[in-house]
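Chain by chain, the residues run as shown.
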Amino acid sequence: MDDGQSTAQGSTADDSILTHSAAVYRSEIDVSIVDEKKLMWKVDLHVIPWLTILYLFSFLDRGSIGNAKLYNMDADLGLSDKQYLICLSMFFFPYALFEPASNVLMRRLKPSVWLSSMMFLWGITLHGIVKNYHGLLALRLLLGLTEAGLYPGVVYYISSWYKRSETGFRVAVFFSSATVAGAFSGLLAAGIAKMDRVGGRPGWAWIFILEGLATVLLSIASFWMVQDFPDNAKFLTEIERVYVIRRLQADSKYSASGEAFKRSYIWQSLKDWKTYVAMGLYMGFDGPLYAFSLFLPTIINQVGFSSRFGATRANLLSVPVYVWGCIMTCIIGYIGDRTGRRFHINVILFSVGLVAYIILLTSKAAALSYFAVYLAISAIYPIIPNSVAWVANNVEGTYKRSVTLGMAIGFGNINGAVTANIYRAEDRPWFRLGHGIVLMYIGIGLLSTIIFAAFLARENRLRDRRERDEVIDGVVNKYSHVRNGRYASVEDARLHKGDEWSGFRYTM
């Protein structure tokens, strides 16, 4: 937003923002009786568990195709290896493209309605009754469209409830359900596959049918279980609501009390360098994530275990890998919040990922490759909530943050269409090409991490030197300059500029 716009609009469209902020963040309400620890525990219980369950089933539904393949889905549908890979890829195009718009829509509607509706729609994508390649292709497109808004929506939603020092662990707990899904899907698929020929349907079809039915039932309950944003959450009393809003605003989340939608907020995100560096960062971990989650059973199946134990044992051998990933994700999320050193954590994790895939690329021993898989999940999964929290914490403004997260996550996820095609049947058993491409993605993530941190540190130094000070009417400041904007008050500058306000400091 340019200087002229910021001045001209100060007394028009944004009057509603200032009024709404004052209505919620009310100084006349005494919140001294609120026990912060008990209140945040109450928030945790109402916000995090159900979201974790939703994402668990989201990952089960999208990843079950990998388990179904082990039980002859491709043979029953007459799929070539190329057709199977195309079906995997098609999921990611609508999934990635719809994510930015979905976040904006969720803010304008209600999380309880938006998230629950999406879940119901993806639950009724009936993969279990598909008859051929074209039917599977169409359903993968539909699944990608209906799941698109969940992950970026929930990340944005969590960042709207918690302080910057609290976000990482909550996102880690939420995201750990992806690792639980990986472990549980292997066990579940092994059990459901025993229903082979029940009702005349193959075992792989029952994997889709039963998981889809459970998703539909959960989506109906979600209309009541998913909570809305802090300024209108029904489980909070008025005093508790004010307290939550105040603590967020004290943590530089000035838009926490609600923000009227304006196109300029979207343009702020589109013009911000952080959006595009974040896209590279998300590319660096989302590509490896989908390669890992879609092909782990296949990789284990091909590196020496299949001849001895078969597909079911390969699925079961993936279970402890995901359990380890879940533990590491939660531990790293906790450390990130406690130390605030998300940049350093990312550098370490991406480096571990590089080591893991160098081993996978060069190994010809099944046991060594299996060990490297543990190293890989120790890096890939914990990186995601740490990076998500890092980006979300450094973007202020409700709508700006929603667009930035949507674009970064969307671009990251589109790379799933690439990595869904890199583990080809002709490259087995060691999949050198696939491992090499994942190694490249991890390198991109590490480079983006370094660039993101360097630019944040540079901007903080400029603000410490007062080179970003705005002109505030009635305030004498020898450092202020009109190029940084002119505003009626400091509060006005905060609300207009978000994280570009001179008093905002980026976290590392």
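Residues numbered from 1 in each chain as written. Predicted model: local features only at pLDDT ≥ 70, side-chain atom pairs only at ≥ 80, totals over all residues. Heavy atoms only, no water.

- Labelled according to an unreviewed UniProt entry, the protein appears under the name Major facilitator superfamily domain-containing protein, originating from Ephemerocybe angulata.

Points about the pattern of salt bridges
- In this structure the tally under the stated criterion is 22 salt bridges.
- Across the salt bridge formed by R401 and E396, the nearest N and O atoms sit 3.4 Å from each other. Both residues of the pair, R401 and E396, belong to the buried class.
- In this structure, E500 and K400 form a salt bridge, with 3.7 Å as the shortest nitrogen-oxygen distance. Here the residue E500 occupies a position in the segment after α21 (490-497), and K400 occupies one in helix α18 (residues 398-414), the gap between them amounting to 100 residues.
- Exposure remark for E500: the relative accessible area of 32% places this residue in the partly exposed category.
- Taking relative accessible area as the criterion, K400 reaches 0% and is therefore assigned buried.
- A cluster of three or more residues bridged by salt bridges with shared partners is formed by D272, K274, K400, D499 and E500. (Salt bridge = Lys/Arg side-chain N within 4 Å of Asp/Glu carboxyl O. Buried < 20%, exposed > 50% of the residue type's maximum accessible area, 1.4 Å probe, protein only. Helix = DSSP H or I, 4+ residues; strand = E, 2+ residues; numbered from the N terminus.)

A word on the packing of helix α10 (residues 150-159) against α18
- Contact pair α10 / α18: the axes reach a minimum separation of 9 Å and the direction vectors enclose 145 degrees. Relative to α18, α10 is oriented so that their crossing is right-handed. Taking contact as the criterion, the partners of Y151, P152, V155, Y156 and S159 in α10 are, on α18, T398, R401, S402, L405, G406 and I409.
- Taken together, the residues that form the contact of α10 with α18 break down as 6 nonpolar, 4 polar and 1 charged. (Axes fitted to C-alpha atoms, helices over the stretch in contact; angles between N-to-C directions. Left-handed = near helix turned anticlockwise from the far one by under 90°. Contact = heavy atoms within 4.5 Å. Nonpolar A, V, L, I, M, F, W, Y, C, P; charged D, E, K, R; others polar.)

So, the confidence of the model for the protein
- Considering every residue of the protein, the mean pLDDT works out to 83; 89% of them sit at 70 or more.
- This stretch, residues 1-24, has a pLDDT under 50; its non-local contacts, to residues over four places away or in other chains, come to 41 contacts. (pLDDT = per-residue confidence, 0-100.)

Considering empty space enclosed by the protein
- Scanning the entire structure with this criterion turns up 7 cavities of 30 Å³ or more.
- Here the second largest cavity defines a volume of roughly 90 Å³.
- For the second largest cavity, the full set of lining residues is D61, S64, W122, G123, T125, H127, L143, F208, E211 and G212.
- Elements represented by at least two residues in the lining of the second largest cavity include exactly α3 (36-70), α8 (111-123) and α12 (203-225). (1 Å grid on protein atoms, 1.4 Å probe; cavity = no way out; pocket = protein on both sides within 12 Å on 5 of 7 lines; lining within 4 Å. Points joined across faces, edges and corners; volume = space filled by probe spheres on them.)

Some points on a nonpolar patch on the surface
- On the surface, a cluster of nonpolar side chains totalling about 760 Å² of accessible area is made up of V113, F120, L121, I124, I220, F223, W224 and M225.
- Broken down by secondary-structure element, the contributors of at least two residues to the nonpolar patch are α8 and α12.
- The element best represented in the nonpolar patch is α12, accounting for 4 residues.
- Along the chain, V113 falls in helix α8.
- Its relative accessible area of 40% is what places V113 among the partly exposed residues. (Patch = residues over 30% accessible without salt bridge, like charges linked within 9 Å, V, L, I, M, F, W, Y side chains within 5 Å. Areas by Shrake-Rupley, 256 points an atom, 1.4 Å probe, with all protein chains shown as cover.)

Topic: the state of the cysteines
- By the definition in use, this model includes 0 disulfides.
- Summary of cysteine pairing: C330 is not part of a disulfide, and the nearest cysteine sulfur, belonging to C326, is at 4.7 Å. (Disulfide = S-S within 2.5 Å.)

Let's talk about helix α17 (residues 366-393)
- With 28 residues, α17 extends 41 Å from end C-alpha to end C-alpha; this agrees with the ideal 40 Å at 1.5 Å per step.
- Largest kink in α17: about 30 degrees, centred on I383, with the proline P385 one to four residues after it. (Expected span 1.5 Å × (residues − 1). Bend = angle between axes of the 7 residues up to and from the residue.)

A word on unusual backbone geometry
- Here N72, not a glycine, exhibits a phi torsion of approximately 70 degrees, which is positive.
- Within the fold, N72 resides in the loop between α3 and α4 (73-77).
- On the basis of relative accessibility, which here comes to 48%, the residue N72 falls in the partly exposed class.

A few points about the nonpolar core
- Among the nonpolar cores identified, the biggest contains 142 residues, and M73, Y151, W161, Y282, F292, Y357 and Y381 are the most heavily contacted of them.
- Broken down by element, the residue count for this core peaks at 18 residues, all from helix α15 (residues 273-339).
- Not counting chain neighbours up to four residues away, the residues in contact with M73 comprise I65, A68, L79, Y84, L136, W204 and F208. (Core = buried A, V, L, I, M, F, W, Y, C linked by side-chain atoms within 4.5 Å.)

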